[in-house]
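Here are the chains, one letter per residue:
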Amino acid sequence: GDSVTQMEGPVTLSEEAFLTINCTYTATGYPSLFWYVQYPGEGLQLLLKATKADDKGSNKGFEATYRKETTSFHLEKGSVQVSDSAVYFCALIPSHPSGNTGKLIFGQGTTLQVKP
Amino acid sequence: EAQVTQNPRYLITVTGKKLTVTCSQNMNHEYMSWYRQDPGLGLRQIYYSMNVEVTDKGDVPEGYKVSRKEKRNFPLILESPSPNQTSLYFCASSSGSFTTEAFFGQGTRLTVV
C-alpha cells in the first residue's frame, strides 16, 4: 500500500546551519505531496506542498521538490533559526481512485531542534 | 478566522468510562477526519466523513465511533476507553480534493488509566 518514510530523528543543528530532512514515498500514480509542521503544543499546519512531478513547493525559506524518478520529497532550508524547532511530517494523498479522497498518509515525523 | 476547534485539550479518564471529544470547523468543509498520533508511528486515520451522515473507517477504527449530523461538527466517541487508546488525537478538515491541504485542530491529549 501507499506509505511515506522519513529519516529518523531527532535532528539537532546550530542556528544558521543547512537543513535537509529526507522523505521518500511509495504510491501508485502521481500522489500529492505535503510537508506539515507541528510546533510544540500545537496542531499540524501546512508548510508546503507539490501536486505534480518536478513541482517545487516553498514557504518561509523551506523548499521541497517532487522527484518522481526517485520517489522523494526532501525538505531543505538554507539557514535554520531557533524558531524552526518543531516536528516535521512528510505526507501524501494518493491519486488513485478511492472513496477516501483527502486521506493523508504520514511519515513518522522528524524532530528538529535548533540551538542558538 | 478559519479554524478547527477541538475540546477538551487534555483529558484523563478511567478505563470503561465513555467519553466524547468534540470537533468543529468553520470553513464549510465537506471532508473531516480523526487521526491519532503515537511516537514513531506518525499520524494514523481513525475515521473520516465525506459529508453529512456519511462516515467510514480509516486505518485504526477499533474502539471508536463517530457521527456527522451537521456539516461543521464531527465528534469522536470512545464508548469504553482502554489504556491502549492513550494518545494524542487530531481532528482535521479539508475540501476533500487530493490536492488541497487539511486544517488541523490543536489536539486532544487523552490518558486512560
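Everything below is about the structure printed above this text.
Residues numbered from 1 in each chain as written. Chains lettered and ligands numbered in written order. Predicted model: local features only at pLDDT ≥ 70, side-chain atom pairs only at ≥ 80, totals over all residues. Heavy atoms only, no water.

Novice: It is not clear to me how the overall build of chain B should be interpreted in this structure. Could you clarify?
Specialist: Secondary structure summary: chain B contains zero helices and 11 strands in total. Shown N-terminal to C-terminal, the secondary structure of chain B runs as helices and strands in the order β-β-β-β-β-β-β-β-β-β-β. Over its C-alpha atoms chain B spans a radius of gyration of 13 Å, differing by no more than 12% from the 13 Å that the globule rule assigns to 113 residues. For the C-alpha atoms alone, the extent of chain B along its principal axes is close to 40 × 30 × 25 Å. Counting all 113 residues of chain B, 49% fall into the buried class. Carbon and sulfur atoms make up 51% of the accessible area of chain B, which amounts to about 5,400 Å² in all. (Helix = DSSP H or I, 4+ residues; strand = E, 2+ residues; numbered from the N terminus. Rg over C-alpha atoms; globule rule 2.2 N^0.38 Å. Buried < 20%, exposed > 50% of the residue type's maximum accessible area, 1.4 Å probe, protein only. Areas by Shrake-Rupley, 256 points an atom, 1.4 Å probe, with all protein chains shown as cover.)

Novice: Can you help me understand the state of the cysteines in this one?
Specialist: Every disulfide links exactly two cysteines, by a covalent bond between their sulfur atoms. Residues and elements named next belong to chain A. The tally for this structure, following the rule as stated, stands at two disulfides over all chains. Disulfide partner of Cys23: Cys90, at an S-S distance of 2.0 Å. Note on the Cys23 and Cys90 pair: the S-S dihedral is about -70°, so by sign convention the disulfide is left-handed. A residue pair is termed long-range when its members are at least 10 positions apart, and Cys23 in strand E4 (residues 23-26) and Cys90 in strand E10 (residues 86-93) qualify at 67 residues. Its relative accessible area of 1% is what places Cys90 among the buried residues. (Disulfide = S-S within 2.5 Å.)

Novice: Explanation requested: the sheet that holds strand E9 (residues 75-77) of chain A in the structure shown.
Specialist: Hydrogen bonds between backbone atoms are what pair the strands of a sheet, whose relative direction is either parallel or antiparallel. Residues and elements named next belong to chain A. Taken in spatial order, the four strands of this open sheet run E3-E9-E8-E7, and their pairing is antiparallel. Each having just a single partner strand, strand E3 (19-21) and strand E7 (56-59) make up the two edges of the open sheet. Ignoring which end each strand starts from, the neighbouring axes of this sheet average 15° apart. In the sheet, E7 pairs with strand E8 (residues 62-65) via four bridges, with the strands oriented antiparallel. Among the inter-strand pairings, Lys56 is bridged to a residue of E8, identified as Thr65. (Pairing = 2+ DSSP bridges. Axes fitted to C-alpha atoms, helices over the stretch in contact; angles between N-to-C directions.)

Novice: Explain the sheet that holds strand E3 (residues 19-25) of chain B to me, please; I cannot follow it from the model alone.
Specialist: Residue and element names in this part refer to chain B. One open sheet accounts for four strands, arranged E1-E3-E8-E7; its pairing is antiparallel. Both edges of this open sheet fall to strand E1 (4-7) and strand E7 (65-66), since each of them pairs with a single strand only. Note that E3 and strand E8 (residues 76-78) share three bridges and pair antiparallel. Bridging across to E8, Val21 finds its partner in Leu76.

Novice: For this particular structure, what's the right way to read the nonpolar core?
Specialist: In summary, soluble globular proteins display a tendency toward joint burial of nonpolar side chains. Judged by nonpolar contacts, the single largest core of 27 residues is most densely connected at Leu19, Trp35, Leu47, Leu48, Phe73, Leu75 and Tyr88 of chain A. Secondary structure elements with two or more residues in this core: strand E2 (11-14), E3, E4, strand E5 (32-38), strand E6 (44-50), E8, E10 and strand E12 (110-115) of chain A. Among the elements that line this core, the one with the most residues is E10 of chain A, at four residues. Ignoring sequence-local partners within four residues, the contact set of Leu47 of chain A consists of Trp35, Tyr36, Val37, Asn59, Lys60, Phe62, Leu75 and Tyr88 of chain A. Leu19, Cys23, Trp34 and Val112 of chain B belong to the second largest nonpolar core, which has 19 residues in total. (Core = buried A, V, L, I, M, F, W, Y, C linked by side-chain atoms within 4.5 Å. Contact = heavy atoms within 4.5 Å.)

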